[in-house]
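Descriptive analysis of the structure
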Amino acid sequence: MIEIERIHHVSLAVRDLTRAHQFYAEKLKFKQIERPPFHSTGVWYAIGEGQQLHLLQYPEGESLRNSGIDTTDGHFAVWVKSFQKTKEWLESVGIPYEERPNSVAGFAQIFILDPDHNIIEFDAPYFS
């Protein structure tokens, strides 16, 4: 049996690495970490204790998803301390979001799209 401890990283394809880095590092304030010298182009971020987000430059001419938020699509989720403070931050940096403060999931949810329409979910305790 495989003994899983935690998620190590999530990788997302992006069309424009510079634009994606501005979104994740400058708007969301994710901390960039060192990336090994792979043959591909990308950037890595720390997103919590021992967890990472890896962005990979997508091959030019290929297509990524173009639709809006569809929570049945692949996405990654980040647990945050405060639902309200997360909404306020997103508003302050001009990022549109879809909120579900009383989600049947058992916790509050906020969904956003990055510049390449990758879905990001922020989860928080109810009433935070």
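Just so you know, the residues in each chain are numbered from 1, in the order the chain's sequence is written. The predicted origin of the model limits local features to residues at a pLDDT of at least 70 and limits the giving and counting of side-chain atom pairs to 80 or more, whereas totals for whole chains, interfaces and linings rest on all residues. Water and hydrogen atoms were dropped before computing side-chain values, which therefore reflect all heavy atoms in the structure.

Another aspect to go through is helix α2 (residues 83-92). Between buried and exposed lies partly exposed: a residue is buried under 20% and exposed over 50% of the maximum accessible area for its type, with that area taken using a 1.4 Å probe on protein chains only. Where helices and strands are cited, they refer to DSSP runs of H or I of at least four residues and of E of at least two residues respectively, numbered from the N terminus. Buried within α2 we find Phe 83, Thr 86, Lys 87 and Leu 90. Viewed along the axis of α2, the buried residues span an arc of 100 degrees, placing them on a single side of the element. Those residues of α2 that are exposed and aimed more than 90 degrees away from the buried face are Lys 85 and Ser 92. What qualifies as a polar contact is a pair of N or O atoms within 3.5 Å, subject to a donor-acceptor requirement within protein and to the restriction that residues adjacent in sequence count only when both atoms come from side chains. With a side-chain oxygen lying 3.4 Å from the backbone nitrogen of Gln 84, the N-terminal cap of α2 falls on Ser 82. Just beyond α2, the residue with positive phi is Gly 94, at close to 75 degrees. Picture the helix axis, draw a direction to every C-beta atom, and the arc is the one those directions span.

Each pocket or cavity is described by its volume, and for the largest pocket that value is around 240 Å³. Grid spacing is 1 Å over the protein atoms alone, the probe is 1.4 Å, and a cavity is where that probe fits but cannot get out, while a pocket is an open set with protein on both sides within 12 Å along at least five of seven lines and lining residues have an atom within 4 Å of a point. Forming the boundary of the largest pocket are Leu 28, Lys 29, Phe 30, Val 78, Trp 79, Val 80, Thr 86, Trp 89, Leu 90 and Phe 122. Among the elements of the structure, β5 (75-79) and α2 are those that each provide at least two residues to the lining of the largest pocket. If you tally residues by element for the lining of the largest pocket, the top one is α2, at three residues. Gly counts as polar in this scheme, as do all residues outside two lists: the nonpolar Ala, Val, Leu, Ile, Met, Phe, Trp, Tyr, Cys and Pro, and the charged Asp, Glu, Lys and Arg. In terms of residue class, the lining of the largest pocket is built from eight nonpolar, one polar and one charged. Considering only enclosed or pocket space, the second largest pocket measures out at about 200 Å³ in volume. Taken together, Ile 7, His 8, Val 10, Ile 47, Gly 48, Gln 51, Gln 52, Phe 76, Ala 77, Val 78 and Trp 79 form the lining of the second largest pocket. In terms of residues, the lining of the second largest pocket owes the most to one element, β5, which gives four residues. Along the lines of polarity and charge, the residues of the lining of the second largest pocket split into seven nonpolar, four polar and no charged. Grid points are joined across faces, edges and corners, and a volume is the space filled by probe spheres set on the points.

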